[in-house]
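Observations on the three-dimensional arrangement
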Amino acid sequence: MGLTKQYLRYVASAVFGLIGSQKGNIVFVTLRGEKGRYVAVPACEHVFIWDLRKGEKILILQGLKQEVTYLCPSPDGLHLAVGYEDGSVRIFSLLSGEGNVTFNGHKAAITTLKYDQLGGRLASGSKDTDVIVWDVINESGLYRLKGHKDAITQALFLREKNLLVTSGKDTMVKWWDLDTQHCFKTMIGHRTEVWGLVLVSEEKRLITGASDSELRAWDIDYLQEIEDLEEPECKKIRESSPKVQDTFEGEDGPLQMDETPEDRILSCRKAGSIMREGRDRVVNLAVDKTGRILACHGTDSVLEVFCILSKEEVQKKMDKKMKKARKKARLNSGKGEEEDLEINVERTLQDEIQRVANIKTSAKIKSFDLIHAPQGELKAVFLLQNNLVELYSLSASSPAPQPVRTSRITIGGHRSDVRTLSFSSDNIAVLSAAADSIKIWNRSTLQCIRTMSCEYALCSFFVPGDRQVIIGTKTGKLQLYDLASGNLLETIEAHDGALWSMSLSPDQRGFVTGGADKSVKFWDFELVKDENSTQKRLSVKQTRTLQLDEEVLCVSYSPNQKLLAVSLLDCTVKIFYIDTLKFFLSLYGHKLPVICMDISYDGALIATGSADRNVKIWGLDFGDCHKSLFAHDDSVMYLRFVPKSHLFFTAGKDRKIKQWDADRFEHIQTLEGHHQEVWCLAVSPSGDYVVSSSHDKSLRLWERTREPLILEEEREMQREAEYEESVAKEDQPAVPGETQGDSYFTGKKTIETVKAAERIMEAIELYREETAKMKEHKAICKAAGKEVPLPINPILMAYGNISPSAYVLEIFKGIKSSELEESLLVLPFSYVPDILKLFNEFIQLGSDIELICRCLFFLLRIHFGQITSNQMLVPVIEKLKETTILKVRQVRDVIGFNMAGLDYLRRECEAKSEIMFFAEATSQLEEKKRKRKKREKMILTLT
């Protein structure tokens, strides 16, 4: 069979034109030891790190396919946890920019991530209503907390106690005891979704934000501290029943306290509420690291900043209040100073939490982050709805603080969706135009070279020579810009309605425009005398008009400049002769209007894309439809032929860009990457680059590689990808004693865990075969009475001639820590007896005790019934019991010894540093004395 027609593959090259996506949150990150200078923002599937001072992008944390939904920096500032739309969590190193750890456990988008104080554990909340706590150091899941009935909105670890508090859209705030992994208290004092949650005042107060305009404050009393400590621990645990709810009489009603057993840990009571100025829901509620500044915003552009006063400040305030009240009382009673009046001043929440200021941003706020600078000023960074990052500083300690905008990142993108794209004739410059501005980008560096303000742009092109550009606007104007100076040269009123389309004539002397005023106009370039200078400048003049019966949506010249194709609102495409403007053909067949079309380089074919989701390929000689292709799952928005070929690209509202062959009517490849509707695309004159724009505010560059694309292989890869996706959607494996669908393990079945389980199975089978071969070999040697050479398995040889059991251990070591439990869960029981025997060997040898014990205990947990009822396994388990206890004790002793050694070293270092400190102080004193003597000598000599 001969080789089928080959195509060249286009691959994603870059994402640009995007400052930050709306779905995730902005956070300050520490880089190169600097705080408050760098921010991380979600950018579709990537994370961009921006330098606020220079306005430059300095690092990209590369994602895979899914959009980023949440960011959380680790307490040490070295890592960034990133949550994605599909429920996975990746941890990136900010030093190398690599994501080494992946956690798969959630079935829906991540809505919140929080590290504990030391950064050893990470809690993730998701739209699937579960909270999972992950062990970051061991790279594995610890436990899944189920209880909420709707998406989780916030999760917080307590510093002092092993507790977690979570809030959800189910109006609940739940307290979890992480030692026993159960919910011991549910706060039901909210009528609407709880959107935000913060702990302040040394974790003695909880502040929640809901869908109304008040922030509720709750006082927390930790009752274990006061209680009688002689009560045995086990009794407490037995008494505390999970999920016993507090009984409220109403939202502000009294709370029955000390009645229920769960109040042994803590009790909550409402302390009052602070009124916000915004009338809508709380979108984000946050507190800075010091716990002194509280800030929140709604769906508008105002951030409200509050200050939480310390005990001393509150006391001062109360004393002042008392003084005032006494004075007032004296005046009212009219009595003298002698009499002491009984004055009662009530302490309210407003005395403890004080409004500082409002920060008004230039557009709606999507998310924000706070940082307290060492100088005492507060820095607030905002990710805004219109693809913009702004930084404000506020001196919170001054009497009337005024927020000041210190920097903003704007150059890297448009404020609104890009509606038109064009390439310059040398393939180097790319023009993108949106509702308010035109930007010119350098294709190779992706830097924005020019920004020019314009009206709402709909179509554009570079004037031949690449020194000027022309755009057509929504109001029907033509705007002509000079690129060198960035000036608007001329604005011409071209059409009465929107100017939907323009097409440059093949002889490059003029162009044609089509508009909503049912007319097609022909224009020629001309040089006119410039009033401001002696030189002539470029202008355009109208030569002819073709009046039609319907609105014009798209126009296109044929390459030989004989025909003009015009797409109309009546779903037809009319072809006219250019010289006489006489009607030639009508292409009729689409059910909805043709939004885009293009004519091939040789003028033989015209391809039309319509809102009816179809692309039709027609012959231009007779107007016959060669083929109708169902191209996209939504409207086809843009269509362009690749120069010098019959291949063309289409862009659709279904977020995909597809490449087609117009001769063979084949779908060649799909370029996936955009997360919203694709509005337009441009193919470079060389055909090597494609740039596309989307509603997700991003521009994407796709590059043609030299790699051949064979259709059969492409289809095969597509089928494989579909299978891999279906694996993750299958039922999760059930464990005996659990109901189907209730997974209390933290992982979930993915294609990686299935592959890991297959690798274990293959390794065990190889071990079985090799042991059988060994026995046979011994028998042969015995019969022959001499050593016969044993054939070595090539796999074992590749691993450096290791034994079959060592190969099994290598396979276990090669499985990612986060996928280990899940791969053991899908492993059939028939392999377990062999694994247990091997584990016994490994433990006796003392190799990888920690890993082997983890696997062993997990297998015992999930196959407990089958293992205990199997007589053959009893001696194995007995041996395992002895060896495991002994070896684990040895490992524990080694760790204990190391800990003691490190402790000793720490004490030595501290003692040394103290000596150094005193030595330094002494040397500084000597230096000062020497300088003083020198100065005195100088004065003496001068006098």
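None of the values given here were measured: they were computed from a predicted structure.

A count of helical and extended segments in the chain gives twelve helices and 56 strands. Overall size of the chain, expressed as C-alpha extent along the three principal axes, is 120 × 105 × 85 Å. Nonlocal contacts in the chain, meaning residues at least 24 apart in sequence, comprise 49% of its contacts between residues at least 6 apart. Carbon together with sulfur atoms contributes 52% to the accessible area of the chain, which is approximately 47,000 Å² in total. Considering the chain, the positive charge centre built from 128 side chains and the negative charge centre built from 136 side chains are found 4 Å apart.

As a further point, take the nonpolar core. Counting residues in hydrophobic clusters, the biggest one holds 41 residues, and the most contacted among them are I760, V808, F812, L824, I835, L836 and F839. Those elements that provide at least two residues to this core are α5 (751-784), α7 (804-814), α8 (820-825), α9 (832-845), α10 (849-862) and α12 (874-942). The leading source of residues in this core is α10, at nine residues. Dropping the residues within four chain positions of it, F812 is found in contact with I760, L820, L824, I835, F839, L851 and C855. Formed by 30 residues, the second largest nonpolar core is a distinct cluster that contains L421, C680, A682 and V683.

Okay, the pairing of strand β17 (residues 182-187) next. Among the six residues in β17, six count as buried, and that is most of the element. Where strand β16 (residues 173-177) folds back onto β17 in an antiparallel hairpin, the turn is made up of four residues, including Q181, whose phi is positive at roughly 55°.

It is worth spelling out the confidence of the model for the chain at this point. When pLDDT is averaged across the chain, the result is 88; 93% of the residues are at 70 or more. Low pLDDT (under 50) marks residues 226-259, which in the prediction has 52 contacts with non-local residues, meaning those over four places away or in another chain.

Turning our eyes to something else, we now look at the side chain of S539. Summarising the element assignment, S539 is placed in strand β41 (residues 536-547). The exposure class of S539 is buried, given its relative accessible area of 4%. Only 2.7 Å separates the side chain of S539 from the side chain of E490, close enough to count as a polar contact. Those residues in contact with S539 that sit more than four places away from it in its chain are L480, E490, D524, F525, E526 and V528.

All right, on to the sheet that holds strand β40 (residues 519-529) then. Taken together, four strands build an open sheet; the order of strands is β38-β39-β40-β41 and the sheet is antiparallel. Each edge of the open sheet is held by one strand with a lone partner, namely β38 (499-504) and β41. Neighbouring strand axes in the sheet, compared pairwise and without regard to direction, differ in orientation by 25° on average. Alignment of β40 against β41, held across eleven bridges, turns out to be antiparallel. Note on β41: the bridge partner recorded for F522 is R544.

Moving on, we get to the pattern of salt bridges. Counting across every chain of the model gives 44 salt bridges. A salt bridge links E352 to R205; the nearest nitrogen and oxygen atoms lie 2.7 Å apart. With E352 in helix α3 (residues 349-352) and R205 in strand β19 (residues 205-209), this residue pair connects regions lying 147 residues apart in the sequence. Exposure class is identical for E352 and R205. Each is buried. A salt bridge links R216 to E214, with the nearest nitrogen and oxygen atoms 4.0 Å apart. Using a relative accessible area of 2% as the deciding quantity, one classes R216 as buried.

Backbone phi values are negative for most residues with the exception of glycine, while trans is the configuration of most peptide bonds. Even without a glycine there, the phi angle at E139 is positive, about 55°. In this structure, E139 sits in the loop between β12 (131-135) and β13 (140-145). Residue class for E139 comes out partly exposed when judged on its relative accessible area of 31%.

What follows covers the environment of A435. Note that A435 resides in the loop between β31 (429-433) and β32 (437-442). By relative accessible area, which is 27% here, A435 ends up partly exposed. Each C-alpha atom, one on A435 and one on S416, is 6.2 Å from the other, the two residues being 19 residues apart in sequence. Those residues in contact with A435 that sit more than four places away from it in its chain are S416, D417, C454, E455 and Y456.

Let us look at the domain arrangement of the chain. Partitioning the chain into domains gives domain 1 (414-547) and domain 2 (751-891). Taken over C-alpha atoms, the centre of domain 1 sits 71 Å from the centre of domain 2.

Residues V891, I895 and M899 make up a contiguous nonpolar surface patch of roughly 270 Å² in combined accessible area. Along the chain, the position of V891 falls in helix α12.

The UniProt feature table records "repeat: WD" (unreviewed entry) at residues 103-144, 145-186, 187-228, 411-451, 492-526, 587-628, 629-670 and 671-703. Measuring from the first to the last C-alpha atom of residues 492-526 gives 14 Å, for a span that is 0% helix and 63% strand.

Negative charge collects at one region of the surface, where E758, E762, E765 and E769 lie side by side. Relative to the assigned elements, E765 resides in helix α5. The partly exposed category is assigned to E765, whose relative accessible area is 34%.

Bringing helix α4 (residues 711-729) into the picture now. For α4, spanning 19 residues, the distance from its first C-alpha to its last is 27 Å, which sits close to the expected 27 Å at 1.5 Å a residue. Every buried residue of α4 is listed here: L711, E714 and V727. Contacts from the buried residues of α4 go to β1 (7-16), β53 (666-672), β56 (699-709) and α5.

The next point concerns the state of the cysteines. In the structure shown here, the tally under the stated rule is zero disulfides. Free cysteine: C454, not disulfide-bonded; nearest cysteine sulfur from C459 at 11 Å. C454 sits in the buried class, given a relative accessible area of 12%.

Here V131 shows up in strand β12. Taking the C-alpha atoms as reference, V131 lies 9.7 Å from A151; in sequence the two are 20 residues apart. Residue contacts for V131: discarding those within four places in its chain leaves S124, Y143, R144, L145, I152, L164 and T166.

A separate point is the pairing of strand β8 (residues 88-93). Burial within β8 is extensive, with six of its six residues counted as buried. Burial of the side chains of β8 extends over both faces: S88, R90 and F92 are buried on one face and V89, I91 and S93 on the other. Pairing analysis gives five bridges linking strand β7 (residues 79-84) to β8, with the strands arranged antiparallel. Within the sheet, the bridge partner assigned to L80 lies in β8 and is F92.

Quick look at α9 now. Look at α9: 20 Å from first C-alpha to last across 14 residues, which is about the 20 Å you get at 1.5 Å a residue. If you check which residues of α9 are buried, you get V832, P833, D834, I835, L836, L838, F839, N840, F842 and I843. Looking one or two places after α9, you find G846, whose phi comes out positive at around 75°.

Moving on, we come to the packing of aromatic side chains. Summed over all chains, the structure comprises 15 aromatic pairs. On the basis of an interplanar angle of 75° and a centroid distance of 5.2 Å, the ring pair of F16 and W441 is categorised as edge-to-face. One end of the pair, F16, is in strand β1; the other, W441, is in strand β32, with 425 residues separating them in the sequence. An identical accessibility class is assigned to F16 and W441; each is buried. An aromatic cluster is defined as three or more aromatic residues linked by ring pairs; in this entry it consists of F461, F511, W523 and F525. Lying over the aromatic face of F522, R544 brings its terminal NZ or CZ to 4.7 Å of the ring centre.

Rules and cut-offs
Residues numbered from 1 in each chain as written. Predicted model: local features only at pLDDT ≥ 70, side-chain atom pairs only at ≥ 80, totals over all residues. Heavy atoms only, no water. Helix = DSSP H or I, 4+ residues; strand = E, 2+ residues; numbered from the N terminus. Contact = heavy atoms within 4.5 Å. Areas by Shrake-Rupley, 256 points an atom, 1.4 Å probe, with all protein chains shown as cover. Lys, Arg positive; Asp, Glu negative; His and termini not counted. Charge placed at Lys NZ, Arg CZ, Asp CG, Glu CD. Core = buried A, V, L, I, M, F, W, Y, C linked by side-chain atoms within 4.5 Å. Buried < 20%, exposed > 50% of the residue type's maximum accessible area, 1.4 Å probe, protein only. Pairing = 2+ DSSP bridges. pLDDT = per-residue confidence, 0-100. Polar contact = N/O pair within 3.5 Å; in protein donor to acceptor, adjacent residues only side chain to side chain. Axes fitted to C-alpha atoms, helices over the stretch in contact; angles between N-to-C directions. Salt bridge = Lys/Arg side-chain N within 4 Å of Asp/Glu carboxyl O. Domains from an automatic or database assignment. Patch = residues over 30% accessible without salt bridge, like charges linked within 9 Å, V, L, I, M, F, W, Y side chains within 5 Å. UniProt positions renumbered as here; feature names shortened; annotations may be inferred. Expected span 1.5 Å × (residues − 1). Disulfide = S-S within 2.5 Å. Phe/Tyr/Trp six-rings, centres within 6.5 Å; stacked < 30°, edge-to-face > 60°. Lys NZ or Arg CZ within 6 Å of the ring centre and 35° of its normal.

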